[in-house]
Amino acid sequence: MLSYSGAVVRGIASSLPANALRMSDPGEKLDLDKANQEHRAYVAALQNTLGAENVHVLDADDKYPDCVFVEDPVVVCNGVALMTRPGHTSRRGEGDAFLPLFERLGIKTVVMEEPACMDGGDVLFTGSEFFVGLSKRTNQAGIDVLAATFPSHPVHAVPVEAGLHLKSMMSMAAPGTIAIGCSGAAQSAKQLVSAKATSSYTFLEFADDLAANVVHVNGKILHVPAASFERSRAALAELGKLGETVQLCNEELNKVDGALTCCSVLLA
Ligand code: GLY
């Protein structure tokens, strides 16, 4: 089983409520205090799983409103960090804050260059292969750089027909099990994943795409509560059969397209 030695998280910029990128405006403003409260619970859950000393907390930088979403500027696998070139210009530069930490931890870095671009939210690593969303934020050149950086794993492109990232509609719920949404875009992606996969996967279907974004870390599954996603109640309950579960409310960051995986980089 893929096991993680630590994680990187980052505080929430006070510029997030006013300046976050978001696909649509839900009309409801993000409450920064509540977002910080939910984020503290998220960090605590990772610390309980990985050990407090192994969860590295970077300071927020108000210059980068979306910097709490650490999974986008970096992809770590086999002790190598690919510093991506995020798809939205306002996010370029977020990755610099990781470099002293990676140097201290002995994690080698590879820097993605123009014209490639990628958000780590498009990168699903199953433990043996990568599925990478071709989205508004990630292009084929970015996928080629990822394939060259991690040559020991197959890499498959999956068009993202709607939504922000590939992982806005799917994630690893357990080794060999992919949590997947039920939207048309999620179901098209599922077909492609099934067709291209070199390993076999079981799919656990969620009525709400966002509820299908869970963090599987060393046997534990961090997921949103059914109270936030009633239609996905049955699927959320199924997660309990796959591992020890921890419920984490993420309603504030959901307002700016942030899902649970977005807020950590797991160190493998
Ligand atoms: N708000 C997350 C993103 O758009 O990058």
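Here we summarise the structure given alongside this text. (Residues numbered from 1 in each chain as written. Predicted model: local features only at pLDDT ≥ 70, side-chain atom pairs only at ≥ 80, totals over all residues. Heavy atoms only, no water.)

Considering the site of the ligand
Logical step 1: Neighbouring the ligand are Leu-21, Asp-66, Phe-69, Arg-91, Arg-137, Leu-164 and Val-256.
Logical step 2: Side-chain polar atom of Asp-66 to a nitrogen atom of the ligand: 2.7 Å apart, as the coordinates give it.
Logical step 3: Between the ligand and Val-256 there is a distance of 2.8 Å, counted from a nitrogen atom to a backbone nitrogen or oxygen.
Logical step 4: In isolation the ligand offers 190 Å² of accessible surface; the protein chains occlude 98% of this area.
Logical step 5: According to the grid-proximity analysis, the pocket containing the ligand is the largest cavity.
Logical step 6: Here the shell around the ligand is built from residues that sort into four nonpolar, no polar and three charged. (Near = heavy atom within 4 Å. Polar contact = N/O pair within 3.5 Å; in protein donor to acceptor, adjacent residues only side chain to side chain. Areas by Shrake-Rupley, 256 points an atom, 1.4 Å probe, with all protein chains shown as cover. 1 Å grid on protein atoms, 1.4 Å probe; cavity = no way out; pocket = protein on both sides within 12 Å on 5 of 7 lines; lining within 4 Å. Sits in = over half its atoms within 2 Å of the grid points. Nonpolar A, V, L, I, M, F, W, Y, C, P; charged D, E, K, R; others polar.)

With respect to the pattern of salt bridges
Logical step 1: Applying the stated criterion across every chain yields a total of 13 salt bridges.
Logical step 2: Note that Asp-119 is salt-bridged to Arg-137, the shortest N-O span being 2.8 Å. Here Asp-119 is found in the loop between strand S5 (108-111) and strand S6 (123-125), whereas its partner Arg-137 is found in the loop between strand S7 (130-134) and helix H4 (140-149), with 18 residues between them in sequence. Like Asp-119, the residue Arg-137 is buried in the burial classification.
Logical step 3: In this structure, the salt-bridge partner of Arg-233 is Glu-230, at a minimum N-O distance of 2.7 Å. (Salt bridge = Lys/Arg side-chain N within 4 Å of Asp/Glu carboxyl O. Helix = DSSP H or I, 4+ residues; strand = E, 2+ residues; numbered from the N terminus. Buried < 20%, exposed > 50% of the residue type's maximum accessible area, 1.4 Å probe, protein only.)

What to know about the layout of surface pockets
Once rolled over the atoms, a probe with the size of a water molecule shows which space is left empty.
Logical step 1: Here the largest pocket is characterised by a volume of approximately 540 Å³.
Logical step 2: Lining the largest pocket we find 28 residues, and of these Leu-2, Tyr-4, Phe-125, Lys-167 and Leu-266 sit closest to its centre.
Logical step 3: Contributions of two or more residues to the lining of the largest pocket are made by strand S3 (74-77), S6, strand S9 (170-174), strand S12 (215-217) and strand S15 (265-267).
Logical step 4: Among the elements that line the lining of the largest pocket, the one with the most residues is S3, at four residues.
Logical step 5: By residue class, the composition of the lining of the largest pocket is 19 nonpolar, seven polar and two charged.
Logical step 6: Contributing to the lining of the second largest pocket are 16 residues, with Met-23, Leu-164, Ser-168, Leu-210 and Asp-257 lying nearest its centre.
Logical step 7: In terms of residue class, the lining of the second largest pocket is built from eight nonpolar, five polar and three charged. (Points joined across faces, edges and corners; volume = space filled by probe spheres on them.)

A look at the packing of aromatic side chains
Logical step 1: Under the criterion given, the structure shown has four aromatic pairs.
Logical step 2: Taking 4.6 Å as the distance between ring centres and 35 degrees as the angle between the ring planes, the aromatic pair formed by Phe-125 and Phe-130 counts as tilted.
Logical step 3: Using a relative accessible area of 1% as the deciding quantity, one classes Phe-130 as buried.
Logical step 4: Each residue in the set Phe-125, Phe-130 and Phe-150 is aromatic and connected to the rest through ring pairs, giving one cluster. (Phe/Tyr/Trp six-rings, centres within 6.5 Å; stacked < 30°, edge-to-face > 60°.)

Points about empty space enclosed by the protein
Logical step 1: Inspection of every chain in the model, using the stated rule, returns three cavities of 30 Å³ or more.
Logical step 2: In this model, the largest cavity occupies a volume close to 90 Å³.
Logical step 3: As for the largest cavity, its lining consists of 13 residues, of which Asp-66, Phe-69, Arg-91, Leu-164 and Val-256 are closest to the centre.
Logical step 4: Class assignment of the residues belonging to the lining of the largest cavity gives a composition of five nonpolar, two polar and six charged.

What to know about the side chain of Ser-171
Logical step 1: With respect to the secondary-structure elements, Ser-171 resides in strand S9.
Logical step 2: Within the structure, Ser-171 has its side chain in polar contact with the backbone nitrogen of Val-214 (distance 2.9 Å).
Logical step 3: With near-sequence residues (within four places) excluded, Ser-171 lies in contact with Leu-124, Thr-177, Ile-178, Ala-179, Ala-212, Asn-213, Val-214 and Thr-261. (Contact = heavy atoms within 4.5 Å.)

Overview of the sheet that holds strand S4 (residues 80-83)
Logical step 1: On the basis of which strands lie adjacent, the open sheet formed by three strands has the order S3-S4-S5 and mixed pairing. Edge strands, defined here as strands with exactly one partner in the open sheet, are S3 and S5. In this sheet, neighbouring strand axes are inclined to one another by 20 degrees on average, regardless of whether the strands run parallel or antiparallel.
Logical step 2: Looking at chain direction, S4 and S5 are connected through four bridges and run parallel. Following the sheet pairing, Ala-81 is matched in S5 by Thr-109.
Logical step 3: Packing of H4 onto the sheet brings it into contact with S3, S4 and S5, and relative to S4 it is tilted by some 165 degrees. (Pairing = 2+ DSSP bridges. Axes fitted to C-alpha atoms, helices over the stretch in contact; angles between N-to-C directions.)

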